[in-house]
Amino acid sequence: MLKQNDLSQRFSEHLVQLQQHVRQILESHFLQGIWIHAGVSYRYFQDDLTAPFKINPHFNYFFPYAKAENSWLYLDGVNKPKIYFYAPQDYWHCAPTPPTEAFFSEAFDWVIFHDAQDIAKWIENPTACLFIGEDEELAKSLGFGAINSQKALNILHFARSIKTEFEIEQLYQAQFPALNGHHAAKQAFLEGRSEREIHLAYLQASGQLESELPYGNIVALNAHAAILHYTELELFAPSSRHSFLIDAGATHLNYASDITRTYAADPQSEFAALIKAVDGFKHEIIQQMHVGVNYLQYHTQMHQWMAKLLHDFDFVRLSPEQIFEEGISRAFFPHGLGHLLGLQVHDVGGFMQNARGTQKRPPEAYPSLRCLRDLQPGMVLTIEPGFYFIEMLLAPWKSSHLGYTFNWHKIADFSAYGGIRSEDNIVIRPEGAENLTEKALITLNA
């Protein structure tokens, strides 16, 4: 982990870049400033309980602190950003502590206030300012002239798709608690624990509460691994164990990691060999990634490899080329190769081609693809090839003209395993891809 001075320096460099984006927005909108609201927690319907607070990622982009509910930022692109930190006086709940001694604190001018209504007295000339936040009714009541302008959001979203070195460091640090959790989860699986027990082991080892996870953990035993976003977490362990898939991450300063591993109960089984093959594809595609190549090219390459896997393991008795051309691999690998990663797990900008917001949509053959960008230095992505036995996707092939080429008996046997996914987090560098997950794992094992 970086020392305090080095972290402060990287954050200062990060903020310099962000101030440039602010100036670009203000100049294009002929405005004086931007007000970003951190957001508030909302109450459940017909209840006095609130959901866990989730901060506005644009607020977090500038101010790296997640416990800032109802706080505000003012930016003019020239002067120090001003933080209006809401610290209510409360004996029912634990009031947030202003992080005035944090590594980033000197980069901001501070106003600490205790009454949420007081913000109105600091917002001068709101008709000449842009509001960014969820509560548009609040923005209207305060008189803002521009509210969540799509043109402004396009600039910020495109900027966020290319990470600064400060952001890359936080994404790297987010690997460590997740990997600790994954290790504990694997041990719990080997001990015969249930999905819920494995999940709890992950939480304890990663040092996270349920509400702090970047996304709901996918902890899937046996056939549950065929449900891509399985989060049911059964209380009791199954009578027989075949496989275990865990997709779980962590956060550091609200930047997310997103890691997936799959294990076979019998390490000598053919399913274990399948896992090894998919994991090998992941590492091989990462080694091939270079600046300037469109992400779709790597996704297509992965499908060609999956077609060869279907042939080599005798699931489909056609040539790899015909399996790919007929689209059969899509029934076994139905999701995208990965996605951008950052303050949001499925981070913004995956389809954007420029800061104006021009979008490129996924081709009809790959509707679940989440990135169609030419790779650029500073992009952080997940790489997560998968191979599954999903009845819903395989059923149409049974009645097709190629149904006879499928080894349905073997596919039925392997359905008990559910499926495989292997996922690492990478950053694109000028010389190629750097595997943040693997780098952190080497450090942990040193």
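Residues numbered from 1 in each chain as written. Predicted model: local features only at pLDDT ≥ 70, side-chain atom pairs only at ≥ 80, totals over all residues. Heavy atoms only, no water.

Within an unreviewed UniProt entry, the label attached to the chain reads Xaa-Pro dipeptidase, and the organism entered is Haemophilus sputorum. According to its UniProt record, the chain has this under Catalytic activity (unreviewed entry): "Xaa-L-Pro dipeptide + H2O = an L-alpha-amino acid + L-proline". In its Function (unreviewed entry) section, UniProt records this for the chain: "Splits dipeptides with a prolyl residue in the C-terminal position." (UniProt positions renumbered as here; feature names shortened; annotations may be inferred.)

Engineer: Talk me through the environment of serine 269; I want residue IDs and the actual numbers.
Structural biologist: Structurally, serine 269 is set in the loop between strand S11 (259-264) and helix H8 (270-288). Along the backbone, serine 269 and histidine 242 are 27 residues apart, and their C-alpha atoms lie at a distance of 9.8 Å. (Helix = DSSP H or I, 4+ residues; strand = E, 2+ residues; numbered from the N terminus.)

Engineer: Account for the packing of aromatic side chains, naming residues and giving values.
Structural biologist: All chains considered together, the criterion is met by 40 aromatic pairs. Geometrically, the ring pair formed by phenylalanine 11 and phenylalanine 166 is edge-to-face, given 5.2 Å between the ring centres and 70° between the ring planes. With a gap of 155 residues between them, phenylalanine 11 in helix H1 (residues 4-29) and phenylalanine 166 in helix H5 (residues 165-173) connect regions that are remote in the sequence. The same class applies to phenylalanine 11 as to phenylalanine 166, namely buried. Between phenylalanine 59 and phenylalanine 63, the aromatic rings sit 5.7 Å apart at their centres with planes inclined by 70°, giving edge-to-face as the arrangement. (Phe/Tyr/Trp six-rings, centres within 6.5 Å; stacked < 30°, edge-to-face > 60°. Buried < 20%, exposed > 50% of the residue type's maximum accessible area, 1.4 Å probe, protein only.)

Engineer: Please provide a residue-by-residue account of the UniProt feature "binding site: Mn(2+) 1" (unreviewed entry) in the chain, values included.
Structural biologist: Annotation from UniProt places "binding site: Mn(2+) 1" (unreviewed entry) at Asp258, His339, Glu384 and Glu423. Taking the farthest pair of C-alpha atoms as the criterion, the annotated set spanning 166 residues converges on one region, since that pair is 10.9 Å apart. Topologically, glutamate 384 is positioned in the loop between strand S12 (380-383) and strand S13 (386-388). On the basis of relative accessible area, glutamate 384 is assigned to the buried category, the value being 10%. Look past the residues within four positions of glutamate 384 in its chain and what remains in contact with it is Asp258, Phe333, His335, Gly336, Leu337, Gly338, His339, Arg421, Ser422 and Glu423. One polar contact links glutamate 384 to histidine 339, side chain to side chain, over a distance of 3.3 Å. Assignment of secondary structure puts glutamate 423 in the loop between strand S14 (419-421) and strand S15 (424-429). Here glutamate 423 falls in the buried class, since its relative accessible area comes to 0%. Look past the residues within four positions of glutamate 423 in its chain and what remains in contact with it is Asp247, Asp258, Ile259, Thr260, Arg261, Lys282, His339, Thr382, Ile383 and Glu384. Within the structure, the side chain of glutamate 423 is placed 2.4 Å from the side chain of threonine 260, a separation counted as a polar contact. (Contact = heavy atoms within 4.5 Å. Polar contact = N/O pair within 3.5 Å; in protein donor to acceptor, adjacent residues only side chain to side chain.)

Engineer: How would you summarise the sheet that holds S12 if you had to cite specific residues and measurements?
Structural biologist: Strands sit in the order S12-S15-S16 across an open sheet of 3 strands; the sheet is antiparallel. Since the sheet does not close on itself, it has two edges, and those belong to S12 and strand S16 (432-435), each with one partner. Averaged over all neighbouring strand pairs, the angle between strand axes comes to 40°, with direction disregarded. Of the pairings in the sheet, the one linking S15 to S16 comprises 4 bridges and is antiparallel in character. Residue arginine 429 lies in a different strand from S16, and its bridge partner there is glycine 432. (Pairing = 2+ DSSP bridges. Axes fitted to C-alpha atoms, helices over the stretch in contact; angles between N-to-C directions.)

Engineer: With reference to specific residues and values, describe the UniProt feature "domain: Xaa-Pro dipeptidase N-terminal" (unreviewed entry) in the chain.
Structural biologist: As annotated by UniProt and renumbered to match this structure, "domain: Xaa-Pro dipeptidase N-terminal" (unreviewed entry) occupies residues 10-158. Secondary structure within residues 10-158 divides into 28% helix and 17% strand; the distance between the first and last C-alpha atoms comes to 20 Å.

Engineer: I'd like a rundown of helix H7 (residues 195-206), residues and numbers included.
Structural biologist: With 12 residues, H7 should reach 16 Å at 1.5 Å per residue; the first-to-last C-alpha distance of 16 Å fits that figure. Packing partners of the buried residues in H7 comprise helix H6 (175-190), strand S7 (218-221) and strand S8 (243-248). Of the residues one or two after H7, glycine 207 is the one with positive phi, at around 70°. (Expected span 1.5 Å × (residues − 1).)

Engineer: Lay out the pairing of S15 in plain terms, naming residues and giving numbers.
Structural biologist: Among the 6 residues of S15, 6 are classified as buried, and the element is accordingly described as predominantly covered. Neither face of S15 is open: one carries Asp424, Ile426 and Ile428, the other Asn425, Val427 and Arg429, and all of them are buried. The turn linking S15 back onto S16 is made up of 2 residues.

Engineer: Account for the pairing of strand S1 (residues 33-37), naming residues and giving values.
Structural biologist: Along S1, 5 of the 5 residues are buried, which leaves the element largely enclosed by surrounding structure. Residue alternation in S1 divides its side chains into two sets, Gly33, Trp35 and His37 and Ile34 and Ile36, and both sets are buried. Both S1 and strand S5 (residues 129-132) contribute to a ladder of 4 bridges, which runs parallel. By the bridge assignment, tryptophan 35 is partnered in S5 with phenylalanine 131. Summarising the sheet, S1 and strand S2 (residues 72-75) pair through 4 bridges and their orientation is antiparallel. Along S2, the bridge assignment pairs tryptophan 35 with tyrosine 74.

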